[in-house]
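Each chain, letter by letter, is given below.
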Amino acid sequence: SAHFQWLGVAQLMRQSRRTNFNGRPMASLFSHLRSISARPIGRYAIAVVSVLTAGAIRLALDPFLEFSVPFITFFFAVMVAAWMGGAGPGMAASILSGLLANYFFVPPQYEFKLEGTDILAFLLFAIETTAITQFSQQWKQRESLLRRAAREVFLKEQRLRAMVDQASVGIALVDRTGRFLEVN
């Protein structure tokens, strides 16, 4: 009885991990984002929304941070844009983030002007977000290659299994001790 109760708790915990704060399955949220990012306009929309969200968060933190770290919230926006959209949206998010941070969070405020150490901070931000975008792009390319390779291995295994199952002679797989592992 206690075993079945524990299984119920474990199942509830697994299910709660797969839902968002509205109780909707997380998979549907991610599949929705994937469907948006399937079109070029959707990829760039994700970039713009992520940058605007980062800007709003930075604006909310402005009373605490003032001018000390103008780019701090924009790194994540670039990561999201690069991961969901690729190199183009990642670079667009980087440029838009730099402009937004410069205009709102670098003195003098509400001007596109860089002076002194702000130039170095802006250049470092540009280099780091370019690197983030490139690493993300390389990761996605490798992930795609791995998925393709895994699919090919799966299909080859299915063909081999079908050949063994349909063979007119007996085929057996045995271990070193002579014990049968598989037989057709």
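No experiment lies behind these values; they were computed from the predicted model shown. (Residues numbered from 1 in each chain as written. Predicted model: local features only at pLDDT ≥ 70, side-chain atom pairs only at ≥ 80, totals over all residues. Heavy atoms only, no water.)

With that settled, consider the overall build of the protein. Helices and strands together make up the secondary structure of the protein, namely six helices and two strands. Taken from N to C terminus, the helices and strands of the protein fall in the order α-α-α-α-α-α-β-β. Here the protein, with 184 residues, has 20% of them falling under the buried criterion. Excluding contacts between residues fewer than 6 apart, the proportion of contacts in the protein whose partners are at least 24 apart in sequence is 49%. For the protein, the exposed surface amounts to about 13,300 Å²; the carbon and sulfur share of it is 67%. (Helix = DSSP H or I, 4+ residues; strand = E, 2+ residues; numbered from the N terminus. Buried < 20%, exposed > 50% of the residue type's maximum accessible area, 1.4 Å probe, protein only. Contact = heavy atoms within 4.5 Å. Areas by Shrake-Rupley, 256 points an atom, 1.4 Å probe, with all protein chains shown as cover.)

Below, the discussion takes up the environment of Val-174. Residue placement: Val-174 occurs in strand 1 (residues 172–174). Setting aside residues up to four positions removed in sequence, Val-174 forms contacts with Arg-179, Phe-180 and Leu-181.

This brings us to the packing of helix 5 (residues 87–105) against helix 6 (residues 117–166). Relative orientation of the contacting elements helix 5 and helix 6 amounts to 165°, with a least axis distance of 9 Å. With respect to each other, helix 5 and helix 6 are oriented roughly antiparallel. Of the two elements, helix 5 crosses helix 6, and the hand of that crossing is right-handed. Where helix 5 approaches helix 6, its residues Ala-87, Gly-90, Met-91, Ser-94, Ser-97 and Gly-98 are matched on the opposing element by Phe-122, Phe-125, Thr-129, Thr-130, Thr-133 and Gln-137. Across the contact of helix 5 with helix 6, the residue classes break down as four nonpolar, eight polar and no charged. (Axes fitted to C-alpha atoms, helices over the stretch in contact; angles between N-to-C directions. Parallel < 35°, antiparallel > 145°, perpendicular 65-115°, else oblique. Left-handed = near helix turned anticlockwise from the far one by under 90°. Nonpolar A, V, L, I, M, F, W, Y, C, P; charged D, E, K, R; others polar.)

Tracing the sequence through the fold places Ser-97 in helix 5. For Ser-97, a relative accessible area of 0% translates into the label buried. Here Ser-97 is in contact with Val-51, Phe-74, Val-78 and Phe-125, once residues within four sequence places are set aside.

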